[in-house]
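Understanding the architecture of this molecule
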Amino acid sequence: MGAFFAAATGFPTVVFTAALTVVVLFWLLVALGAADAHGHAHVHLNSRAHGDGWGLGGVPVTLAFSLFTAVGWLISYCASVLFVPSGPVGVLVGAGVLTGTVYVSWRATKLFVRPLHRLFPDEHGPSRLDFVGLTCTIRTGRVDAGFGQAEVRSADGSAAVVQVRQTGNDALAGGSTGLLYAYDETGEFFWVAPYDSALDPRTGPGTTG
């Protein structure tokens, strides 16, 4: 047991031992419900970064890092026991082992995460473009080419106040209903037009359902 702790806490394995400790603590928080596997922690432990540039994309960065750390620790531990002597020479050999371990662990992690991609389909976050095609309630006294706000409710029930503009002179007063039909990314506002529910094919007189 003493030899195990000596190797685990000696250079270069101690680098991976420290990282592995963080990984174990993180997954304990996941098990306790204080964090999720994507790194969204209630205690803000991590962010949802992606490892595409390292060939580790397609899975949560927390999973990729955990695999990298676990594989690296195992390789580093075995190499330390077998090849790293004590004394000053051990530091030089240990530095070489550490470099080689990082590379081999990275390559091995790439192989491990590849079959896991299909378990983590891409999820696109909400976008302002999701509001295009929705009706809104005008919240300002007027809407023209340079002024106007409206409240829109998304599919999940949440409401948002957005900037709206119109190209004509339609009556869009406060409390009236409009239709968001386009989004101007440069100006960060929606083009809005008056909405008449009687003309909506989904709810108009011709609707049979």
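Conventions and cut-offs
One numbering rule holds for all chains: residues counted from 1, following each sequence as written. Only residues with pLDDT of 70 or above have their local features reported here, since the model is predicted, and side-chain atom pairs are shown and tallied only from 80 upward, although totals for entire chains, interfaces and linings are computed over all residues. Each side-chain value is worked out from all heavy atoms of the structure, with water and hydrogens disregarded. Under the scheme used here, helices are H or I runs from DSSP no shorter than 4 residues and strands are E runs no shorter than 2 residues, and both carry numbers assigned from the N terminus. Here, expected helix span is obtained from the residue count minus one, scaled by 1.5 Å. Only protein chains enter the accessibility calculation, which uses a 1.4 Å probe. A residue is then buried if its area is under 20% of the maximum for its type, exposed if over 50%, and partly exposed in between. When checking whether two residues touch, look at their non-hydrogen atoms; a contact exists if any pair is within 4.5 Å. Like-charged residues are merged into a patch within 9 Å and nonpolar side chains (Val, Leu, Ile, Met, Phe, Trp, Tyr) within 5 Å, provided each residue has over 30% relative accessible area and no salt bridge. Per-residue and other accessible areas were derived by the Shrake-Rupley procedure at a 1.4 Å probe size, with only the shown protein chains allowed to occlude residues. We define a salt bridge as a contact between a side-chain nitrogen of Lys or Arg and a carboxyl oxygen of Asp or Glu at a distance within 4 Å. Here, nonpolar core means buried Ala, Val, Leu, Ile, Met, Phe, Trp, Tyr and Cys residues that are tied together by side-chain atoms lying within 4.5 Å of each other.

1. Details of helix α3 (residues 61-83)
Helix length check: α3 (23 residues) gives 31 Å between terminal C-alpha atoms against 33 Å at 1.5 Å per residue, within 8%. When we look at burial in α3, the residues that qualify are T62, A64, S66, T69, V71, G72, W73, S76, Y77, A79 and S80. Close packing links the buried residues of α3 with α1 (2-9), α2 (13-32) and α4 (88-113).

2. Here's the deal with a nonpolar patch on the surface
A contiguous nonpolar patch, built from F11, V14, V15 and V91 and spanning about 310 Å² of accessible area, is present on the exposed surface. In this fold, V15 is placed in helix α2. Relative accessible area serves as the criterion here: at 42%, V15 is assigned to the partly exposed category.

3. So, α4
Taking 1.5 Å of rise per residue, 26 residues should cover 38 Å, and α4 covers 37 Å from first to last C-alpha, within 8% of that figure. When we look at burial in α4, the residues that qualify are G90, G94, V97, L98, T101, S105, A108, T109 and V113. Looking at the buried positions of α4, the neighbouring elements they touch are α2 and α3.

4. Looking at the nonpolar core
One recurring pattern in soluble globular proteins: nonpolar side chains tend to sit buried together. Within the largest apolar cluster, 13 residues are counted, with the highest numbers of intra-cluster contacts made by C136, I138, V164, L180, F190 and V192. Within the residue set of this core, elements represented by two or more residues are β1 (135-138), β2 (149-153), β3 (159-165), β4 (177-184) and β5 (189-194). If we skip the residues at most four places from it in the chain, V164 touches V143, D144, F147, G148, Q149, A150, L180, F189, F190 and V192. Counting residues in each nonpolar core, the second largest holds six residues, with A7, A8, Y77 and L98 among its members.

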